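Below are the chains, spelled out letter by letter.
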Amino acid sequence: MVFPNKYLKFKDSLLNLGSIIIKNMKKNSWYTVDEIWRYIKVEENVRQYTFNDLILTFDFLFSINSISINSEGKVCLN
């Protein structure tokens, strides 16, 4: 579900959700997960995603070093 393939369109993949998250975050600003969820949930093409998908996408973005997470649980764009 992370990457699109012949059965999964890009707009339904977690890779797309990751790009939406990165687009809505500003560099050097710390956000809570709930704040990011509220920002991106307003977009039309995000309605099919669940909160679990958001958490999986954060795991993916953290593993490729696109985001940082501090001790308070806030997220920052690298």
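## Concerning the side chain of Ser66
Stage number 1. The topology assignment puts Ser66 in the loop between helix H3 (51-63) and strand E2 (67-69).
Stage number 2. If sequence neighbours within four positions are ignored, Ser66 has contacts with Ile22, Leu61, Cys76, Leu77 and Asn78.

## As for helix H2 (residues 33-41)
Stage number 1. All of the buried residues in H2 are Val33, Ile36, Trp37 and Ile40. Seen from one end, H2 has its buried residues packed into an arc of 100°, which puts them on one side.
Stage number 2. Lining the buried residues of H2 we find helix H1 (14-24), strand E1 (30-31), H3 and strand E3 (75-77).

## Some thoughts on the packing of aromatic side chains
Stage number 1. Inspection of the entire model under this criterion finds two aromatic pairs.
Stage number 2. Measuring from centroid to centroid gives 6.0 Å for Tyr31 and Tyr39, while their planes differ by 85°, and the two rings are edge-to-face.
Stage number 3. A ring pair is formed by Trp37 and Phe51, whose centres lie 5.5 Å apart and whose planes are at 90°; its orientation type is edge-to-face. With Trp37 in helix H2 and Phe51 in helix H3, this pair connects stretches of sequence that are 14 residues apart.

How each quantity is defined
- Residues numbered from 1 in each chain as written.
- Predicted model: local features only at pLDDT ≥ 70, side-chain atom pairs only at ≥ 80, totals over all residues.
- Heavy atoms only, no water.
- Helix = DSSP H or I, 4+ residues; strand = E, 2+ residues; numbered from the N terminus.
- Contact = heavy atoms within 4.5 Å.
- Buried < 20%, exposed > 50% of the residue type's maximum accessible area, 1.4 Å probe, protein only.
- Arc of directions from axis to C-beta.
- Phe/Tyr/Trp six-rings, centres within 6.5 Å; stacked < 30°, edge-to-face > 60°.

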